[in-house]
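Next come the chains, spelled out residue by residue.
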Amino acid sequence: MDNGNDWWRGAVIYQIYPRSFQDSTGSGLGDLPGIASRLDHVARLGAEAIWISPFFTSPMADMGYDVSDYTGVDPLFGTLADFDAVIERAHTLGLKVIIDQVLSHTSDAHAWFRESRTDRSNPKADWYVWADPQADGTAPNNWLSVFGGPAWEWDGVRHQYYLHNFLASQPDLNFHNPEVQDALLEAVEFWLKRGVDGFRLDTANFFFHDKKLRSNPPASNDATGGIGADAPNVNPYGMQNHLYSKSQPENIAFLERLRALMDQYGATTTVGEVGDARAIELVGQYTSTGRRLHMCYTFDLLSERFSAEYLRTTVTQFENVLEDGWVCWAFSNHDVIRHVSRWEGEGRDPEALARFSIQLLAGLRGSLCLYQGEEIGMTEADIAFEDLQDPYGKRFWPAYKGRDGCRTPMVWDDGPNGSFTDGDPWLPVPDSHRVRAVAVQEADPTSVLTHYRAVLAWRHDNAILRSGTQRFGDTTGNTLWLERELDDKVLVLIYNFGVEPVEQDVPGLHTANLPGATGQYDGETLVLPGLGAFAGWRSA
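### Some words on the packing of helix α7 (residues 279–286) against helix α8 (residues 308–322)
Between α7 and α8, the shortest axis-to-axis distance is 8 Å and the interhelical angle comes to 35°. The handedness of the crossing between α7 and α8 is right-handed. Here Ile280, Val283 and Gly284 of α7 lie close against α8, whose contacting residues are Gln317, Phe318, Val321 and Leu322. Considered class by class, the residues forming the contact of α7 with α8 number five nonpolar, two polar and no charged.

### Brief notes about the sheet that holds strand β2 (residues 49–52)
Here we have eight strands laid out as an open sheet, ordered β11-β10-β9-β5-β2-β1-β13-β12, and parallel in their pairing. Each of the sheet's edge strands pairs with one partner strand only, and the pair in question is β11 (295–297) and β12 (328–329). Alignment of strand β1 (residues 12–16) against β2, held across four bridges, turns out to be parallel. Within β2, the position partnered with Tyr14 by the bridge is Ile50. Running over the sheet, helix α10 (residues 350–363) touches β12 and β13 (367–371) and is turned about 155° from β13.

### What to know about empty space enclosed by the protein
As enumerated under the stated definition, the model contains seven cavities of 30 Å³ or more in all. Volume-wise, the largest cavity comes out at about 130 Å³. Contributing to the lining of the largest cavity are 15 residues, with Asp62, Phe166, Asp202, Asp335 and Arg403 lying nearest its centre. Here the residues of the lining of the largest cavity sort into four nonpolar, four polar and seven charged.

### What to know about helix α5 (residues 178–193)
Counted at 1.5 Å a residue, the expected span for α5 with its 16 residues is 22 Å, and the 22 Å between its end C-alpha atoms agrees. Listed in full, the buried residues belonging to α5 are Val180, Gln181, Ala183, Leu184, Leu185, Ala187, Val188, Trp191 and Leu192. For α5, the side-chain oxygen to backbone nitrogen distance between the N-cap and Glu179 is 2.9 Å, and the N-cap itself is Asn177. Two residues or fewer after α5 comes Gly195, characterised by a positive phi angle close to 105°.

### Things to note about the packing of aromatic side chains
Any two aromatic rings considered together are summarised by their centre-to-centre distance and by the angle between their planes. Under the criterion given, the structure shown has 37 aromatic pairs. For the pair Trp143 and Trp152, a centre-to-centre distance of 5.9 Å together with 25° between the ring planes defines the contact as stacked. One exposure class covers both Trp143 and Trp152, and it is buried. Each ring, one from Phe306 and one from Phe497, has its centre 4.9 Å from the other, and the planes form 45°; the classification is tilted. On the criterion of sequence distance, the pair formed by Phe306 in the loop between β11 and α8 and Phe497 in the loop between β16 (489–496) and β17 (502–505) is long-range, its members being 191 residues apart. Assigned by exposure class, Phe306 and Phe497 land together as buried. One aromatic cluster is present, built from ring pairs that chain together Phe147, Phe166, Phe206, Tyr392, Phe396 and Tyr400.

### Some thoughts on the pairing of β16
Across the eight residues that make up β16, a large majority, seven, are buried. As paired elements, strand β15 (residues 479–486) and β16 share eight bridges and run antiparallel to each other. Residue pairing in the sheet places Thr479 in a bridge with Asn496 of β16. Two successive antiparallel strands, β15 and β16, enclose a turn made up of two residues, where Asp487 displays a positive phi of approximately 55°. Pairing analysis gives seven bridges linking β16 to strand β21 (residues 533–539), with the strands arranged antiparallel. Its bridge partner lying in β21, Val492 is registered against Gly536.

### Topic: the confidence of the model for the protein
Summing up the model confidence of the protein, the mean pLDDT is 96 and the portion of residues at 70 or higher is 97%. For the protein, β17 is the element with the lowest average pLDDT, namely 94, and β1 is the one with the highest, namely 99.

Basis of the calculations
- For every chain, the first residue of the written sequence is number 1, and numbering continues from 1 onward in sequence order.
- Reporting in this predicted model follows two pLDDT cut-offs: at least 70 for local features of residues, and 80 or more for side-chain atom pairs to be given and counted; totals over whole chains, interfaces and linings ignore these cut-offs and use all residues.
- Excluded from the side-chain calculations are hydrogens and water; all other atoms, namely the structure's heavy atoms, are used.
- Comment: axis = line fitted to C-alpha atoms, over the contacting stretch for helices; angle = value between 0 and 180 degrees taken between N-to-C directions.
- We count a stretch as a helix when DSSP gives it H or I for four or more residues in a row; a strand needs E for two or more, and each element gets its number in order from the N terminus.
- Rotating anticlockwise by less than a right angle from the far helix to the near helix defines a left-handed crossing, while the corresponding clockwise rotation defines a right-handed one.
- Here, two residues are considered to be in contact whenever any of their heavy atoms come within 4.5 Å of each other.
- We call Asp, Glu, Lys and Arg charged. Ala, Val, Leu, Ile, Met, Phe, Trp, Tyr, Cys and Pro are nonpolar, and the rest, Gly among them, are polar.
- Only when DSSP finds a minimum of two bridges between them are two strands counted as paired.
- In this analysis the probe radius is 1.4 Å and the grid spacing 1 Å, with only protein atoms considered; a cavity is a set of points the probe fits into but cannot get out of, a pocket is an open set with protein on both sides within 12 Å along at least five of seven lines, and lining residues have an atom within 4 Å of a point.
- Grid points are joined across faces, edges and corners, and a volume is the space filled by probe spheres set on the points.
- Take the residue count of a helix, subtract one, and multiply by 1.5 Å to get its expected span.
- Each residue's exposure class comes from its accessible area (1.4 Å probe, protein chains only) as a fraction of the maximum for that residue type: buried when under 20%, exposed when over 50%, partly exposed otherwise.
- Here a polar contact means two N or O atoms within 3.5 Å. Within protein one must be a hydrogen donor candidate and the other an acceptor candidate, and residues neighboring in sequence count only if both atoms are side-chain atoms.
- Only Phe, Tyr and Trp rings take part, Trp by its six-membered ring, and two of them pair if their centres are within 6.5 Å. Stacked means planes under 30 degrees apart, edge-to-face means over 60, and tilted covers everything else.
- The predictor attaches a confidence to each residue, called pLDDT, with possible values from 0 through 100.

Here it is, written out as structure tokens:
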């Protein structure tokens, strides 16, 4: 379904992690030709767009989120011509193409940083966040890095500290300098001219810092509010209220500059990643007026919390601040433990969770983002320390194992390495994943993959789920009651987050044929089993 310039509103976006999707060369790393060869799977699933994580030139200290050339393709993944082929194949299949843009920081190998650090008077001297030490030689303030330790690194050439919110090899750009903004927008336009349909903006609230470099106050609670949320008890980052190191008011003006550029290219979109304890408030600001970001996502539903009340409260909070804005919902991505593993406690079965999750996600007002492998019920892999690649995991091991467990290769069949590669995969492929491979599930009409396809097709065919308003009924225990309304029709969706059956008085509904619905309904009373979902129609 393509609604012109608003195609993104309610779209299903499929996230591809290039390293782990398909290797075409035997190198053990996924690549762009591999992506092109597997896009039929994404189109058949029912997605309307793909989001490709970074494939740009990079030393790969943080798996490509340390960019050394914004307009280059790293040879590990192929060439610019290979990327053009991905766009061509995607568009042939009716898929839009969204790519990452990592604008808040670069690699220290970027030519801009190499020039900036040479002295304090070169043309790019002010392109990064440099600051003098305090009188005792310590860092300018107390800001912390998401990946552990201080957010400041001493440079012996300039005799100053530079800011890095992530690795020391990922220096932060100085967005207070208009030349930096101009250069980044030029890089964005490079990809627009190649036919890209949109951008996922990494750490979209990290672009600006407090010019006065004021220290952050202590946090009022232990919530990290986003990136780093998987390690709240081992990473002191969550002990600060990041009042000054990110989420600054100047961000709004840059987002408006970016949107003005996007609008010149017609049917494009942006989705911002917002990690902050004030994420809900920021999403309201960042997506308002129609002149900023098209949509955002946060870490609120990427958490370990799984209950009817938590979902109802969280979604309602977003609805209250959105006005004319938009949210992109996801349960899994490349930064968090896969949701079927996060939520499988208290007797919940991972496969039942996979089925329930897509029924729940499909009912929400917003756009949806699926992470590669969730459509076959992939679980979190247990990665040994000697196989670990993620610098975040290496920093906090063994208390926190990092993000490699959700980044293992996609499994296409039950052969060696799941036919991801003919070589040695960059991360191991567990046997427990191979038995869940796409080819295995293709042959099973009751599989999770078949269920995902059916639910997404049902959502696609019901405009009320894309365009309808949203409200919740009273939450009772494990039962969530959600209503979507459009053109005098109401779709009632009822979910049981528990493992035991629940009984609900639901008079006068006409069954809506939600795929995989498991409730017994006699026109008056609904009996819904554990992790069950039901949908029915009524007049407004």
